[in-house]
Amino acid sequence: RYVRRKLIQIKYVIYFFKVGTGAVGSIYSWRLSQSCQVTTVCRSNYEAVKKNGFIMESAKFGRDIFRPHNVVFTVQEAIQYGPFDYILVTLKCLPDIYSIPDIIAPAVTLKETGIVLIQNGLGVEESIVKQFPDNPLISIVAYIATLQEEPGKTRHLGGESLCMGVLDENSRSKAIVFMDRLKQGGVNVGWSDNIEQTRWEKVFWNGGFGSVCAILRLDTTEVTRNPKARDMVKKIMIELMKAAELATGVEYKPEARSEAMIENTAQGHNHYKPSMQLDMERGNPVEVEVILGTAMRSAAKNGLAVPTIKTVYDLLRAMNIHFANQ
C-alpha cells in the first residue's frame, strides 16, 4: 500500500454538482501533496487541471502551480491508481440531490480505507457510517476563506484552520496519521473530542448568515446594516443555539452569543458572500438539509419549536427543487 519514499496513496474525491473541483478541496489536496501521493477527480475543470494543474494563490502558503500525481474524470477511472489509504471528500453535502457513499464506493476498500469528510453541516457522517460501518471515519470542520475564481484557479484569503474528530475510537489511529500529513503541509489542524458540538457551533454562523444572505442576495455587510435582515439572522441563530443546547447539553446563552457573533461579523467580514449565497447566485443547490434540516429535526425530536428555521428551510428547499428541475 505504500509507494516509493513511503508516500501515502491518497484518493481525493472532488465531485461538486455542476461546478467541478472546489477551492477548499484544491487547497488541502495541494498541502497533502507535500508528503502524499494524491489523485484528484475533476469534473467541469478537468481539461484545465489536466493541462495546467491548479494555479494556487494563497495568502498563507504563497503562489504555486499544483500538479496532482494523477488527475481523472471519474471515480471509476481513479481505481487504477489504488488501493487508497484515504478518501478525502470535500464536495458539498446534498443528500437531497446525490449520495456521497454511492459516489465514492468504487474506490473504497472495505475495513481499510479511511474516509475523511471536510464538509459543513450536521449529520454528514450518517450515510457514510450506514454504508461503510467498518471503515475508519474522520470528521473535519474547516475554517477558511477561499474561492475558485475560474476553472483550476484558486485564491485563498488569509489564514485557515481545521478541527478534526472521530465518532469512535477505532478511527483515532488513522486520524492521527492523517493529521500528521496535514501538518507536514503547513496546515493548522487541531483535535476535538466532541466533533458533533464543533459542527453545531459552526452551523450557528452558516445557518444564520448563510441562509439569509442566500435568500436576500445580500452580502454580510449589507445584511448587518439592514435592521430586518440582521434581526432574521439573530432569530435563526438563537433557535439553532437552543436546539444545540438540547442536543449537546452545552449552555450557549443564545441572546448574548448571537449578538456577539453578528457584531463580530459586521466588524470583520467586509462584504463577504457565504458559500450558500454564492451557490444561489450560480443556480446551484444549497446545503439546506445539513445546515438547517438536521437542526430542525433535532429540535423537533427534543420538543423545541423553531418556526424561523422552518420557514427559511422551506424557502431554500423550494429553491433546490427549482434548480433541480432546470
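For clarity, every value in this text was computed on a predicted model and none was experimentally measured. (Residues numbered from 1 in each chain as written. Predicted model: local features only at pLDDT ≥ 70, side-chain atom pairs only at ≥ 80, totals over all residues. Heavy atoms only, no water.)

A closer look at the overall build of the protein
Phase 1 of the analysis: The helix and strand tally for the protein stands at 13 helices and 10 strands.
Phase 2 of the analysis: Against the globule reference of 20 Å for 326 residues, the protein gives a C-alpha radius of gyration of 19 Å, in line with a compact fold.
Phase 3 of the analysis: In terms of principal-axis extent, the alpha carbons of the protein reach across some 60 × 40 × 40 Å.
Phase 4 of the analysis: Here the protein, with 326 residues, has 54% of them falling under the buried criterion.
Phase 5 of the analysis: Surface accessibility of the protein: about 14,400 Å² in total, with carbon and sulfur atoms responsible for 50%.
Phase 6 of the analysis: With 39 positive and 34 negative side-chain charges, the protein shows a separation of 5 Å between the mean positions of the two kinds. (Helix = DSSP H or I, 4+ residues; strand = E, 2+ residues; numbered from the N terminus. Rg over C-alpha atoms; globule rule 2.2 N^0.38 Å. Buried < 20%, exposed > 50% of the residue type's maximum accessible area, 1.4 Å probe, protein only. Areas by Shrake-Rupley, 256 points an atom, 1.4 Å probe, with all protein chains shown as cover. Lys, Arg positive; Asp, Glu negative; His and termini not counted. Charge placed at Lys NZ, Arg CZ, Asp CG, Glu CD.)

As for the nonpolar core
Phase 1 of the analysis: Counting residues in each nonpolar core, the largest one holds 59 residues, and the members touching the most others are Ile-104, Leu-292 and Leu-316.
Phase 2 of the analysis: Counting 31 residues, the second largest nonpolar core, distinct from the first, contains Trp-30, Leu-88, Ala-142 and Ile-144. (Core = buried A, V, L, I, M, F, W, Y, C linked by side-chain atoms within 4.5 Å.)

Some details on the packing of aromatic side chains
Phase 1 of the analysis: Counted under the stated rule, the structure contains 7 aromatic pairs.
Phase 2 of the analysis: Summarising the aromatic geometry, the rings of Tyr-46 and Phe-73 are spaced 5.5 Å apart at their centres and angled 75° between planes, so their arrangement reads as edge-to-face. Of this pair, Tyr-46 sits in helix α2 (residues 46-52) while Phe-73 sits in the loop between β5 (70-72) and α3 (75-78); the two residues are 27 residues apart in sequence, bridging distant segments of the chain.
Phase 3 of the analysis: Phe-73 sits in the partly exposed class, given a relative accessible area of 33%.
Phase 4 of the analysis: Both rings, one in Phe-204 and one in Tyr-252, keep their centres 5.0 Å apart while their planes meet at 85°; by these two values the pair is edge-to-face. Of this pair, Phe-204 sits in helix α7 (residues 195-216) while Tyr-252 sits in the loop between α9 (227-248) and α10 (254-268), and the two are 48 residues apart along the sequence.
Phase 5 of the analysis: According to the relative accessible area criterion, Phe-204 is buried, its value standing at 0%.
Phase 6 of the analysis: Given the relative accessible area of 4%, Tyr-252 is considered buried.
Phase 7 of the analysis: Grouped by ring-pair contacts, the aromatic residues Trp-205, Phe-209 and Tyr-272 constitute a single cluster.
Phase 8 of the analysis: Residue placement shows Arg-31 over the ring face of Trp-30; its charged tip is 4.5 Å from the ring centre.
Phase 9 of the analysis: The lysine or arginine in question, Lys-202, covers the ring of Tyr-143, its NZ or CZ lying 5.4 Å from the ring centre. (Phe/Tyr/Trp six-rings, centres within 6.5 Å; stacked < 30°, edge-to-face > 60°. Lys NZ or Arg CZ within 6 Å of the ring centre and 35° of its normal.)

With respect to the pattern of salt bridges
Phase 1 of the analysis: Counting across every chain of the model gives 17 salt bridges.
Phase 2 of the analysis: Note that Arg-230 is salt-bridged to Glu-263, the shortest N-O span being 3.0 Å. Of this pair, Arg-230 sits in helix α9 while Glu-263 sits in helix α10, and the two are 33 residues apart along the sequence.
Phase 3 of the analysis: For Glu-263, a relative accessible area of 32% translates into the label partly exposed. (Salt bridge = Lys/Arg side-chain N within 4 Å of Asp/Glu carboxyl O.)

Quick look at the UniProt feature "domain: Ketopantoate reductase C-terminal" (unreviewed entry) in the protein
Phase 1 of the analysis: As recorded in UniProt, the sites labelled "domain: Ketopantoate reductase C-terminal" (unreviewed entry) are residues 194-319.
Phase 2 of the analysis: Secondary structure content for residues 194-319 is 79% helix and 0% strand, and the end C-alpha separation is 33 Å. (UniProt positions renumbered as here; feature names shortened; annotations may be inferred.)

Quick word on the packing of α7 against α10
Phase 1 of the analysis: Two elements in contact, α7 and α10, have axes separated by 11 Å at closest approach and are oriented at 65°. In terms of their interaxial angle, α7 and α10 are classed as roughly perpendicular. Crossing of α7 over α10 shows right-handed handedness. Across the interface between the two elements, Glu-201, Phe-204, Trp-205 and Phe-209 from α7 touch Arg-257, Met-261, Ile-262 and Thr-265 from α10.
Phase 2 of the analysis: Within the contact of α7 with α10, the residues separate by chemical class into 5 nonpolar, 1 polar and 2 charged. (Axes fitted to C-alpha atoms, helices over the stretch in contact; angles between N-to-C directions. Parallel < 35°, antiparallel > 145°, perpendicular 65-115°, else oblique. Left-handed = near helix turned anticlockwise from the far one by under 90°. Contact = heavy atoms within 4.5 Å. Nonpolar A, V, L, I, M, F, W, Y, C, P; charged D, E, K, R; others polar.)

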